[in-house]
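# Observations on the three-dimensional arrangement
One-letter residues, chain by chain:
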Amino acid sequence: QQPVQSPQAVILREGEDAVINCSSSKALYSVHWYRQKHGEAPVFLMILLKGGEQKGHEKISASFNEKKQQSSLYLTASQLSYSGTYFCGTGETGANNLFFGTGTRLTVIP
Amino acid sequence: DAGVIQSPRHEVTEMGQEVTLRCKLISGHNSLFWYRQTMMRGLELLIYFNNNVPIDDSGMPEDRFSAKMPNASFSTLKIQPSEPRDSAVYFCASSSWTAAYGYTFGSGTRLTVV
């Protein structure tokens, strides 16, 4: 039930772009994305619902392909503040609980 | 709104002792989730409630773990007796029924069982 994320870790220089992928073996209704900084709680970024929509949040956007049971998070022109661990959380039809992925540690360096 | 409030922030206890973790939901949220986070296993869902009713507790590791939600705004997670392998950060999170605005996590309780 736990989705798989890739890559496990990535290091970027300020201004570079990154893509984080999330894949599930289950049929999905929703995908959430969260960012967690060290020693803090995960913080909600965005939710994508069944329908393949793409969403944006400043320079962070995401897509959801429910047929492939996959979602991707796109970070463009990365900033130092983007550093943290990114988690996807997947939800199945009829349930509002989430299963979280293994996480992707993103480090942005000057 | 003060957000989701967890207490204590840190707990160090000896093996065999009872531990109680507390969580206060955001007003208006009616779903409550307990997660455990470790380096090895990531964020694991332990149990969740909708409208004070436990929906799925299949993630609770053993009978030593129990959770209650005596009212719409408060929940407890109890471990009795505690063991060193229970050491982890425990988060509670709340959301609206549809979770359309995501989960709001509490600051977590870092539990160390020695």
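What this report covers is the structure whose coordinates are included nearby. Each chain has its residues counted from 1, following the order in which its sequence is written. Here every chain gets a letter starting at A, and every ligand a number starting at 1, in the order they are written. Under the rules for a predicted model, residues below a pLDDT of 70 receive no local features and side-chain atom pairs below 80 are neither given nor counted, while totals for whole chains, interfaces and linings still include all residues. By convention in this description, side-chain values take in all heavy atoms of the structure and omit both hydrogens and water.

## Quick notes on the overall build of chain B
How we decide: In this description a helix means any DSSP run of H or I spanning at least four residues, a strand means any run of E spanning at least two, and both kinds are numbered starting from the N terminus. Put simply, the radius of gyration uses C-alpha atoms, and a globule should come to 2.2 Å times the residue count raised to 0.38. Residue exposure (1.4 Å probe, protein chains only): buried if accessible area is under 20% of the type maximum, exposed if over 50%, otherwise partly exposed. Only heavy atoms enter the contact rule, under which two residues are in contact if any of them lie within 4.5 Å.
Counting secondary structure elements, chain B contains 0 helices and 11 strands. Secondary structure elements in chain B, listed N-terminal to C-terminal, are β-β-β-β-β-β-β-β-β-β-β. The C-alpha radius of gyration of chain B comes to 13 Å, within 12% of the 13 Å expected for a compact globule of 114 residues. Considering only C-alpha atoms, chain B reaches an extent of 40 × 25 × 25 Å along its principal axes. Buried residues in chain B amount to 48% of all 114 residues. Considering only contacts in chain B between residues 6 or more positions apart, those separated by 24 or more positions represent 54%.

## Things to note about the state of the cysteines
All names here are of chain A. Using the following cut-off: Here, two cysteine sulfur atoms that lie within 2.5 Å of each other are counted as a disulfide.
Across all of its chains, the model carries 2 disulfides over all chains by this definition. In this model Cys 22 forms its disulfide with Cys 88; the gap between the sulfur atoms is 2.0 Å. Classification of the bridge connecting Cys 22 and Cys 88 rests on its S-S torsion, roughly 75 degrees, and on that basis the disulfide is right-handed. With Cys 22 in strand E3 (residues 18–23) and Cys 88 in strand E9 (residues 84–91), this pair connects stretches of sequence that are 66 residues apart.

## With respect to the pattern of salt bridges
Residue and element names in this part refer to chain B. Heads up, the rule is: We define a salt bridge as a side-chain nitrogen of Lys or Arg found within 4 Å of a carboxyl oxygen belonging to Asp or Glu.
Within this structure, the stated rule accounts for 8 salt bridges over all chains. As a salt-bridge pair, Arg 64 and Glu 83 come within 3.5 Å of each other at their nearest N and O atoms. Of this pair, Arg 64 sits in the loop between strand E6 (53–56) and strand E7 (65–71) while Glu 83 sits in the loop between strand E8 (74–79) and strand E9 (88–95), and the two are 19 residues apart along the sequence. Residues joined in a network through salt bridges with shared partners are Glu 62, Arg 64, Glu 83, Arg 85 and Asp 86.

## With respect to the interface of chain B and chain A
This is how the line gets drawn: Two parts placed together each lose some accessible area; with a 1.4 Å probe, that loss summed over both constitutes the buried area.
Taken together, the 20 residues of chain B in the interface contact 15 residues of chain A. Of the roughly 1,400 Å² buried where chain B meets chain A, counting both sides, 56% is carbon and sulfur surface. Considering only the surface of chain B that becomes buried against chain A, Leu43(B), Tyr103(B) and Phe105(B) emerge as the three largest contributors, covering 35% of it. Counting every contact that joins chain B to chain A gives 0 salt bridges. Taken together, the elements giving at least two residues each to the side of chain B that touches chain A come down to strand E4 (31–38) and strand E5 (42–50) of chain B.

## A look at the sheet that holds strand E1 (residues 5–7) of chain B
Residue and element names in this part refer to chain B. Quick reminder of the rule: Here the rule is simple: two strands pair whenever DSSP picks up at least two bridges between them. Between N-to-C directions, angles span 0 to 180 degrees; the directions come from axes that are lines fitted to C-alpha atoms, helices contributing only their stretch in contact.
The strand order E1-E3-E8-E7 describes an open sheet built from 4 strands, whose pairing is antiparallel. With one partner strand each, in any of the chains shown, E1 and E7 form the two edges of the open sheet. Ignoring strand direction, the axes of neighbouring strands in this sheet form an average angle of 15 degrees. Across 6 bridges, strand E3 (residues 19–24) lies against E8 in antiparallel orientation. Pairing of Val 19 across the sheet is with Ile 79, part of E8.

## Focus: unusual backbone geometry
Omega for the peptide link from Ser7(B) to Pro8(B) comes to -10 degrees, which places this bond in the cis form. With respect to the secondary-structure elements, Pro8(B) resides in the loop between E1 and strand E2 (10–13). Not every positive phi belongs to a glycine, and Ala77(A) is a case in point at roughly 45 degrees. Among the structural elements, Ala77(A) can be located in the loop between strand E8 (70–75) and E9. The class for Ala77(A) is partly exposed, based on a relative accessible area of 28%. The phi angle at Asn51(B) is positive, at roughly 50 degrees, despite the residue not being glycine. Following the sequence through the fold, Asn51(B) ends up in the loop between E5 and E6.

## Examining the packing of aromatic side chains
Put simply, the test is: Stacked, tilted and edge-to-face pairs are distinguished by plane angle, under 30 degrees for stacked and over 60 for edge-to-face with tilted covering the rest, among Phe, Tyr and Trp rings (Trp via its six-membered ring) whose centres lie within 6.5 Å.
In total, this model carries 13 aromatic pairs over all chains according to the counting rule given. Between the aromatic rings of Tyr35(B) and Tyr103(B), the centroid separation amounts to 6.4 Å while the plane-to-plane angle is 50 degrees, which identifies the pairing as tilted. Taken together, the residues span a long stretch of sequence, with Tyr35(B) in strand E4 and Tyr103(B) in the loop between E9 and strand E10 (104–105) at a distance of 68 residues. Look at Tyr103(B) and you get buried, because its relative accessible area is 2%. Through pairs of rings, three or more aromatic residues link up here, namely Tyr34(A), Phe44(A), Phe100(A), Phe33(B), Tyr35(B), Tyr48(B), Phe91(B), Tyr103(B) and Phe105(B).

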